[in-house]
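Here is what each chain is made of, one letter per residue.
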Amino acid sequence: MATATALNHSSPIECNELLERCLGNETLVLRVLKKFVDQVGTDLDLLVSAIAGRDVTESIRLAHKVRGTSLSVSALEMSKIAHDIELRAETANEADLLKLTVNLAKERSRVFDFLDTFCIATKDA
Amino acid sequence: MLNDPVKILVVDDDVVCGEFLRETLYEMGYEEVEFESNANDAYERICNENFRIVISDWQMPGMSGVDLCHKVRSRQFGEYVYFILLTSLSRGSHLCQGLEAGADDFLSKPCDPCELQVRLNVANRIVALENRNLIVFSLAKLAESRDPETGAHLERMREYSRELAIYLGTTAHFANEINSDFIRAIFLTSPLHDIGKVGIPDNILLKPGKLSVEEFEVMKQHTTIGSQTLEAALSAYPNADYLRLACDIAACHHEKFDGSGYPKGLRGEAIPLCARIVAVADVYDALTTKRVYKEAFSHEVAARIITDGSGAHFDPRVVDAFIAKQHDFEEIKRRLDGDPSIPAQAESQKSAMIASALASAGDHTQLGFNQSQTC
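So, how was this worked out
- The numbers attached to residues start from 1 for each chain and follow its sequence in the written order.
- For this description, chains carry letters from A and ligands carry numbers from 1, given in the order in which they are written.
- Restriction of local features to residues with pLDDT of at least 70 applies here, the model being predicted, together with a cutoff of 80 or more for giving and counting side-chain atom pairs; totals for whole chains, interfaces and linings are based on all residues.
- The way it works is that DSSP assigns letters per residue, a run of H or I at least four long becomes a helix, a run of E at least two long becomes a strand, and they are numbered from the N terminus.
- In this scheme every C-beta is placed from the backbone, and a residue whose C-beta has 20 or more other C-beta atoms within 10 Å is buried, one with 12 or fewer is exposed, and one in between is partly exposed.
- Axis definition: a line fit to C-alpha positions, over the contact stretch in the case of helices; interaxial angles, taken between N-to-C directions, run 0 to 180 degrees.
- Crossing handedness follows the turn of the near helix against the far one: under a right angle anticlockwise gives a left-handed crossing, and clockwise gives a right-handed one.
- For every residue pair, C-beta atoms are placed from the backbone, and the pair is scored as a contact if these atoms sit within 7 Å.
- Three classes are used, and their members are as follows: Ala, Val, Leu, Ile, Met, Phe, Trp, Tyr, Cys and Pro are nonpolar, Asp, Glu, Lys and Arg are charged, and the others, Gly among them, are polar.
- Any two strands between which DSSP finds at least two bridges are classified as paired.
- If the strands point away from the viewer and the path from the first strand over the helix to the second runs clockwise, then the crossover is right-handed.
- Note that the term roughly parallel is reserved for angles under 35 degrees, roughly antiparallel for angles over 145, roughly perpendicular for angles of 65 to 115, and oblique for everything else.
- Multiplying one less than the number of residues by 1.5 Å gives the expected span of a helix.
- We define a nonpolar core as a collection of buried residues of the types Ala, Val, Leu, Ile, Met, Phe, Trp, Tyr and Cys that are connected via C-beta atoms lying within 7 Å of each other.
- Each residue carries a pLDDT score, the predictor's own confidence in it, on a scale running from 0 to 100.

*Asks:* Sorry if this is basic, but what is going on with the overall build of chain B here?
*Replies:* Summing up its helical and strand segments, chain B has 16 helices and 5 strands in all. Residues classed as buried in chain B amount to 45% of the 375 residues present.

*Asks:* Teacher, can you tell me more about the overall build of chain A here?
*Replies:* Looking only at helices and strands, one finds 6 helices and 0 strands in chain A. Reading chain A from its N end, one meets helices and strands in the order α-α-α-α-α-α. Counting across all 125 residues of chain A, residues that qualify as buried make up 43%.

*Asks:* Help me understand the packing of helix α4 (residues 56-72) of chain A against helix α1 (residues 15-27) of chain B, please; the structure alone is not making it clear to me.
*Replies:* When two helices pack together, their arrangement is given by the angle between the helix axes and the distance between those axes. Close contact between α4(A) and α1(B) brings their axes to 8 Å; oriented N to C, the two are set at 35°. Seen along the crossing, α4(A) lies across α1(B) with a hand that is left-handed. Only Val16(B), Cys17(B) and Phe20(B) of α1(B) make contact with α4(A), whose side of the interface consists of Gly68(A), Thr69(A) and Ser72(A). In terms of residue class, the contact of α4(A) with α1(B) is made up of 3 nonpolar, 3 polar and no charged.

*Asks:* Any chance you could explain the pairing of strand β2 (residues 33-36) of chain B here in plain terms?
*Replies:* Every other side chain in a regular strand lies on the same face of the sheet, so the side chains alternate between the two faces. Residue and element names in this part refer to chain B. Pairing of strand β1 (residues 8-11) with β2 involves 4 bridges; the strand directions are parallel. Residue pairing across strands places Leu-9 opposite Glu-34, the latter belonging to β2. Crossover connection from β1 via α1 to parallel β2: handedness right-handed.

*Asks:* When you look at the packing of helix α12 (residues 273-287) of chain B against helix α14 (residues 316-337) of chain B in this model, what are you seeing that I'm missing?
*Replies:* Residue and element names in this part refer to chain B. Put simply, α12 and α14 touch, their axes get as near as 11 Å, and they point 45° apart. If you check the angle between α12 and α14, you find them oblique. Both α12 and α14 take part in a crossing whose hand is right-handed. Contact residues: α12 offers Arg-276, Ile-277, Val-280 and Tyr-284, while α14 offers Val-318, Val-319, Phe-322 and Phe-329. Grouping the amino acids of the contact of α12 with α14 by side-chain chemistry returns 7 nonpolar, no polar and 1 charged.

*Asks:* Any chance you could explain the interface of chain A and chain B here in plain terms?
*Replies:* Where interface size is given, it is often the accessible area lost as the parts come together that is meant. The partner chain B presents 17 residues to the 17 residues of chain A that form the contact. Looking at the side of chain A that touches chain B, the elements that each hand over two or more residues are α3 (26-52) and α4 of chain A. The biggest single contributor to the side of chain A that touches chain B is α4(A), with 7 residues. When its residues are assigned to classes, the side of chain A that touches chain B shows 6 nonpolar, 6 polar and 5 charged.

*Asks:* Honestly, the environment of Arg110(A) in this entry has me stumped. Any pointers?
*Replies:* Residues and elements named next belong to chain A. Tracing the sequence through the fold places Arg-110 in helix α6 (residues 94-116). A tally of 17 C-beta atoms within 10 Å means that Arg-110 is categorised as partly exposed. For Arg-110 and Met-78, which are 32 residues apart along the polypeptide, the C-alpha to C-alpha distance reads 9.6 Å.

*Asks:* In this structure, what is going on with the sheet that holds strand β3 (residues 53-57) of chain B? I would like to understand it.
*Replies:* Sheet strands pair via backbone hydrogen bonds, and the direction of the pair is either parallel or antiparallel. Residue and element names in this part refer to chain B. Reading across from one edge, β2-β1-β3-β4-β5 is the order of the 5 strands in this open sheet, with parallel pairing throughout. Pairing within the sheet leaves two strands with one partner each, and these edge strands are β2 and β5 (105-108). Mean inter-strand twist for the sheet, computed between neighbouring axes without regard to direction, equals 20°. Two elements, β3 and strand β4 (residues 82-87), share 5 bridges in a ladder whose sense is parallel. Residue pairing in the sheet places Ser-56 in a bridge with Leu-85 of β4. Relative to the sheet, α1 contacts β1, β2 and β3, its axis offset from that of β2 by approximately 175°.

*Asks:* Before we go on, may I ask you to explain helix α7 (residues 153-169) of chain B in this structure?
*Replies:* Within an α-helix, residues lying three or four positions from one another point in the same direction, as the helix has 3.6 residues per turn. Here α7(B) spans 24 Å end to end across 17 residues, near enough to the 24 Å set by a 1.5 Å rise per residue. Extensive coverage of α7(B) is indicated by the burial of 15 of its 17 residues.

*Asks:* It is not clear to me how the nonpolar core should be interpreted in this structure. Could you clarify?
*Replies:* One broad rule of soluble globular proteins: the nonpolar side chains tend to lie buried together. By size, the foremost hydrophobic cluster in this structure holds 67 residues, and its most contacted members are Val32(A), Ile8(B), Ile53(B), Val54(B), Ile55(B), Phe83(B) and Ile84(B). Looking at which element gives the most residues to this core, the answer is α3(A), with 11 residues. The residues touching Val32(A), leaving out its near neighbours within four places in the chain, are Cys22(A), Ser72(A), Val73(A), Val16(B), Glu19(B) and Phe20(B). Residues Ala251(B), Val283(B), Val318(B) and Phe329(B) belong to the second largest nonpolar core, which totals 56 residues.

*Asks:* Explain the environment of Lys256(B) here, please?
*Replies:* Residue and element names in this part refer to chain B. Its place among the elements puts Lys-256 in the loop between α11 (241-252) and α12. What makes Lys-256 buried here is the crowd of 23 C-beta atoms within 10 Å. Taking C-alpha positions, Lys-256 is 8.7 Å from Gly-311, a pair spaced 55 residues apart along the chain. Every residue in contact with Lys-256, bar those within four places of it in the chain, is listed here: Gly-261, Ala-312 and His-313.

*Asks:* Got a minute to help me understand unusual backbone geometry in this structure?
*Replies:* Negative phi characterises most residues that are not glycine, and trans characterises most peptide bonds. With an omega of -5°, the peptide bond between Lys109(B) and Pro110(B) qualifies as cis. Along the chain, the position of Pro110(B) falls in the loop between β5 and α5 (113-129). The linkage connecting Tyr262(B) with the following residue, Pro263(B), adopts the cis geometry, with an omega of 10°. Of note, the phi angle at Leu23(A) is positive, near 55°, even though the residue is not glycine.

*Asks:* Explain the confidence of the model for chain A here, please?
*Replies:* Any region with low pLDDT has predicted coordinates that should not be read closely. Residue and element names in this part refer to chain A. Per-residue pLDDT for chain A has a mean of 84; in total, 86% of the residues score no lower than 70. Highest mean pLDDT in chain A belongs to helix α5 (residues 76-88) (93); lowest belongs to helix α1 (residues 2-5) (44). Counting contacts from residues 1-9, a segment whose pLDDT is below 50, to residues more than four positions away or on other chains yields 10 contacts.

Shown next as structure tokens:
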């Protein structure tokens, strides 16, 4: 598979792991990644709103969801940042949380750029 | 492709995970896999469609996976729904919470296909056990085929039995005795109550008129023939708890609360609870069903006969449950008969007169009822 063989260690997605999880089915990999692109953009916007609105419960839920979604496609760094937000949503101040959210958005951009090189359209997400 | 595909519902507000799971399950050969992103919609589908396995995310907006599991467990389904909770929560307290809600297993996120396959192998083994239900019921229908005039008797009386058990399980007196396993088991095994009739000669079993004293003695043996048959099966499979219930029902469904029943003349709570429940269900169905020797009694007449038998023929607590659930009985009969075949009260005055006479005599089973009602 092109996506798996072209990777290096700085790849924002562990494609070998993802491919293995998808039972070696490249079509399934692409379909799951497309769903990921569609969903994570919306969830990240909602997470920013929840943090800005100091809605702790919703912030935790959305961070947890982004973490799970990212893990599903082996976007490990994204998942790690989302987990950090999930754990700190109750105690950290808003500025720290928004800073983490910015990091999450940056990582998402890195993931999307990576996916663009494999012709997975991310521009509309 | 699997030989015996089961229907699976995946519930997750995370469409990525849901899509991944659904597609992976297809790859594994599960052809009937559905997806819901909302637990409330999922519950409706579980109630209305025959899902045997549910794989649900834990944390979802609105109703959580644990709440969904709890809700599913609070309702009685014809077949067991195997519930797997999908979670990245790994603390012991979370697992306990899931198990207490009735979850059968857990699957960690993100799903590993090997783990998913292993978990589903377990699920399939459990679900396959439920196929015994089909065999048990087929056996009961086979026994009933020698006396086919009773129509959907087995279907009705197992539902009546379940309704009574569910209600009694909510009362303080039986709360420790009746749990969901008991309810499932009584639904499963109550149709076996008359399985011993296979050992009764045709000239007695099918006799249209009243049995002689000698014939009635032979007829009574169906209780011991049935229980001995089931005892033999229980000896071979001692861990099959449902067979114990089946034995008790076959042996004791003609015992009476005041000790005047057969075969042993057991009294009161010496009669197994399952048999006390089935006794009411069986008699109600016999009363409200048309036979060659009598018209169907109205629900009101049947209810009065059962109420009059409280403490004599029937356990008063079971009769109380019957009174509380009698509208459900009528609904079950209507549903399973496909038409409102219980005659309206005004249309069955003759039956009412007969029943009244029987009730006042104290034992309706000895006054011209054919053996089908009482044996």
